[in-house]
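# Structural characterization, general
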Amino acid sequence: MLLSVGAGFVLKKFGQKLAFHQDMTNREGILTVVLTWMTAAFLASLPFMMTDMLDPFGAFFEAMSGLTTTGATALSEIEGWPTSLLFWRIWLHWIGGLGIIVIFIALLPTISGSAAHLFNAESSGFEGERIKPRLHKTALTLFSIYGQITIIATILLKICGLDFYDAVTHAMSAVATGGFSGYNDSVAHFHNVGAEVVLGIVMLISGGNFALYFNVHQRGFRVLLRDDEFRWYLALVMVLTGIVTISLVDNGQAFGSGLRDAFFQIASFASTTGYVSADYDQWPAVAKMCLMLLYFTGACAGSTAGGIKISRFVVLLRGIQTGVSKALHPKEKKPILYNGRRIDNSVFSVVLVFFFLYVGVFVFFSAAVVCTGVGLREAVTGVASCISSAGPGFGPVIGATGNYSTLPSAAKVLLAFVMLLGRLEMYTVLILFSKKFWQGNSRW
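A brief look at the structure comes next. Starting from 1, residues in each chain are numbered consecutively following that chain's sequence as written. At least 70 in pLDDT is required for a residue's local features to be given in this predicted model, at least 80 for side-chain atom pairs to be given and counted, and no such filter applies to totals for whole chains, interfaces and linings, which use all residues. With hydrogens and water stripped out, all remaining heavy atoms of the structure feed into the side-chain values.

### Details of the overall build of the chain
When you go through the chain residue by residue, the secondary structure sums to 20 helices and two strands. Radius of gyration: C-alpha atoms only; globule rule: 2.2 Å multiplied by the number of residues to the exponent 0.38. Taking 2.2 N^0.38 as the reference for a compact globule, 444 residues should give roughly 22 Å; the C-alpha atoms of the chain span a radius of gyration of 22 Å, in line with that estimate. A principal-axis box enclosing the C-alpha atoms of the chain has dimensions of 75 × 70 × 50 Å. Counting only residues that meet the buried cut, the chain has 52% of its 444 residues in that class. Starting at the N terminus, helices and strands are each numbered in turn, a helix being any DSSP run of H or I of at least four residues and a strand any DSSP run of E of at least two. Note on classification: 1.4 Å probe, protein chains only; a residue is buried when its accessible area is under 20% of the maximum for its type, exposed when over 50%, partly exposed between these limits.

Here you go:
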């Protein structure tokens, strides 16, 4: 805390001595967001290093995993460490869930004119939806909804039989769609059906668009049901839950038990939380394929979840549908619609480029992690998990019962970078590698 406050004090004094003051530009906003996340991860890793809980590379990996709500852990043993350190991991989730920068805007309104560039550099989705005209009020409203869901989740988990500490920490982790738990076997530790149902529902809610929830509060539940992305999101969860349940029952599991495990794990992967209630590595191939699919789809834009986002897939699928229709009827002019509004070709192109960029980054870093000596299955599922902020991968090393502790230091650094790429949706980080970004003094 002293180091963090001291660094802030020095930067503030340095800033006050500048001869002139200007509002932050888009370019400066991008750099500020990336540097803020990197600095926050470094400061957040210090407690892990100072207590010999983790080596420097493992500590940075753990801190970045916490702040980006990935939930991948470099700890081989979680239980037995001081409660303060275990709570610190969960606290990183909760702070990073809504986004350090969004919380920064909410609590420090004095940056006013610069806020838009910070908000835009961190927000997800292809179309921005502001709740209120002023970004400070928007961020404060999001923060309020976030806090209310956390409190309600805590109360419900306490009613289900969890003690107060476990109820608070697991509510914070679920709302942030993070996945860190204070136990080696995650949520399976409790053997509590009620807690699994509550956490499953909270994870699904947290995977929705928080701006949409504000509009629901203002206009009623009809807004929720009319939203294309939310309807597709729920439909995907229900369909995959059904497929996994049938697969588990066909594999000899009782229907009730199969439905329970399927619902929780689908909710966990769909919201990119990463909680584990069963050893899904032992499931049939069909069930595991359903979980892996959710690495890429993610949840809704404007949520704490990662992934490509359902909204982009809706636009892509409707674009394909329009393309097929034009192939059959060349003169037909059928627009791509999203929530009843026409999607311009420029917007569709942005969505398409992002999709291929996401796939390209996934392939590139999978190959890079393999080059560090990690097995192919662990590298591919590890990168897919980290880029989508899901957490656990597949296999005995990083799967349902494993962790990232045995991975080489180089692999941990690469995966930590992948977490940041996924959390800031690629462009904000990758643009820093462009020569044009650093050239000239333009204030774009």
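### Topic: the packing of helix H4 (residues 83-98) against helix H8 (residues 164-175)
The relative placement of two packed helices is expressed as an angle between their axes plus a distance between the axes. Helix axes are fitted only over the stretch in contact, all axes being lines through C-alpha atoms; the angle between N-to-C directions runs from 0 to 180 degrees. Where H4 contacts H8, the axes come no closer than 8 Å and their chain directions differ by 30 degrees. One finds that H4 runs roughly parallel with respect to H8. In this structure, the crossing between H4 and H8 has a hand that is left-handed. Counted together, Thr83, Leu86, Phe87, Ile90, Trp91, His93 and Trp94 of H4 and Tyr165, Thr169, Met172 and Ser173 of H8 form the full contact between these two elements. When the residues that make up the contact of H4 with H8 are grouped by side-chain class, the tally is seven nonpolar, four polar and no charged. An angle below 35 degrees is treated as roughly parallel, one above 145 as roughly antiparallel, one from 65 to 115 as roughly perpendicular, and anything else as oblique. By definition, any crossing whose near helix is turned counterclockwise from its far helix by less than a right angle is left-handed, and any crossing with a clockwise turn is right-handed. Residue contacts are defined here by distance: any two heavy atoms, one from each residue, within 4.5 Å place the two residues in contact. When residues are grouped by polarity, Ala, Val, Leu, Ile, Met, Phe, Trp, Tyr, Cys and Pro land in nonpolar, Asp, Glu, Lys and Arg in charged, and all others, Gly among them, in polar.

### Notes on the pattern of salt bridges
One speaks of a salt bridge when a side-chain nitrogen belonging to Lys or Arg is within 4 Å of a carboxyl oxygen belonging to Asp or Glu. Under the criterion given, the structure shown has seven salt bridges. For Glu196, the salt bridge goes to Arg260, with nearest N and O atoms at 2.8 Å. Remark: Arg260 occurs in helix H13 (residues 255-270) and Glu196 occurs in helix H9 (residues 193-206); sequence separation between them is 64 residues. On the basis of relative accessible area, Glu196 is assigned to the buried category, the value being 3%. Arg260 sits in the partly exposed class, given a relative accessible area of 30%. In this structure, Asp228 engages Arg318 in a salt bridge whose closest nitrogen and oxygen atoms are separated by 2.8 Å. Remark: Arg318 occurs in helix H15 (residues 310-328) and Asp228 occurs in helix H12 (residues 228-250); sequence separation between them is 90 residues. The class of Asp228 is buried, set by a relative accessible area of 6%.

### Topic: unusual backbone geometry
Backbone geometry places His191, a non-glycine residue, at a positive phi of 50 degrees. Relative to the elements of secondary structure, His191 occurs in the loop between H8 and H9. You will see that Thr272, though not glycine, has its phi angle at about 55 degrees, which is positive. With respect to the helices, strands and loops of the structure, Thr272 is situated in the loop between H13 and helix H14 (285-297).

### Some remarks on a nonpolar patch on the surface
There is a patch of nonpolar side chains on the surface, built from Ile151, Ile152, Ile155, Leu156 and Ile159 and spanning about 510 Å² of accessible area. For Leu156, the position within the fold is in helix H7 (residues 135-159). Each patch groups residues whose relative accessible area exceeds 30% and which form no salt bridge, using 9 Å between like charges and 5 Å between nonpolar side chains of Val, Leu, Ile, Met, Phe, Trp and Tyr. Areas reported here follow the Shrake-Rupley algorithm with a probe of radius 1.4 Å; residue values treat only the protein chains shown as occluding.

### Notes on the packing of H13 against H14
Packing of H13 against H14 brings their axes to within 8 Å, and their N-to-C directions diverge by 25 degrees. It follows from the interaxial angle that H13 and H14 lie roughly parallel. Two packed elements cross with a definite hand, and for H13 against H14 that hand is right-handed. Of the residues in H14, those in contact with Gln265, Ile266, Phe269 and Ala270 of H13 are Leu291, Leu294 and Tyr295. Grouping the amino acids of the contact of H13 with H14 by side-chain chemistry returns six nonpolar, one polar and no charged.

### With respect to the packing of aromatic side chains
Pairing of aromatic rings covers Phe, Tyr and Trp, the last through its six-membered ring, and needs centres within 6.5 Å; plane angles under 30 degrees mean stacked, over 60 mean edge-to-face, and all others mean tilted. Throughout the structure, instances matching the rule amount to 24 aromatic pairs. Relative to Trp91, the ring of Phe87 lies with its centre 6.5 Å away and its plane at 20 degrees, an arrangement referred to as stacked. Separated by four residues within a single helix, Phe87 and Trp91 lie in helix H4, roughly one turn from each other. With relative accessibility at 32%, the residue Trp91 sits in the partly exposed group. Judged by centre distance (5.0 Å) and plane angle (80 degrees), the ring pair of Phe437 and Trp438 falls under edge-to-face. Since its relative accessible area comes to 4%, Phe437 is described here as buried. Relative accessible area serves as the criterion here: at 51%, Trp438 is assigned to the exposed category.

### Here's the deal with empty space enclosed by the protein
Over the atoms, a rolled probe matching the size of one water molecule traces out where space is still vacant. Using a 1 Å grid laid over the protein atoms alone, points where a 1.4 Å probe fits but cannot get out form a cavity; open sets with protein on both sides within 12 Å along at least 5 of 7 lines form a pocket; any residue with an atom within 4 Å of a point counts as lining. Grid points are joined across faces, edges and corners, and a volume is the space filled by probe spheres set on the points. Scanning the model with the defined rule gives one cavity of 30 Å³ or more in all. Together, Leu86, Ile90, Tyr165, Asp166, Thr169, His170, Gly182 and Tyr183 line the largest cavity. Among the elements of the structure, H4 and H8 are those that each provide at least two residues to the lining of the largest cavity. Per element, the largest residue contribution to the lining of the largest cavity is four residues, and it comes from H8. Among the residues making up the lining of the largest cavity, the classes are represented as four nonpolar, three polar and one charged.

### Some thoughts on helix H17 (residues 376-387)
Between its terminal C-alpha atoms H17 stretches 16 Å, which fits the 16 Å expected from 12 residues at 1.5 Å a residue. Most of H17 sits inside the fold, with nine of its 12 residues counted as buried. Listed in full, the buried residues belonging to H17 are Glu378, Ala379, Thr381, Gly382, Val383, Ala384, Ser385, Cys386 and Ile387. A positive backbone phi angle near 65 degrees is found at Ser389, which sits one or two residues after H17. By this rule, a helix spans an expected 1.5 Å times one less than how many residues it contains.

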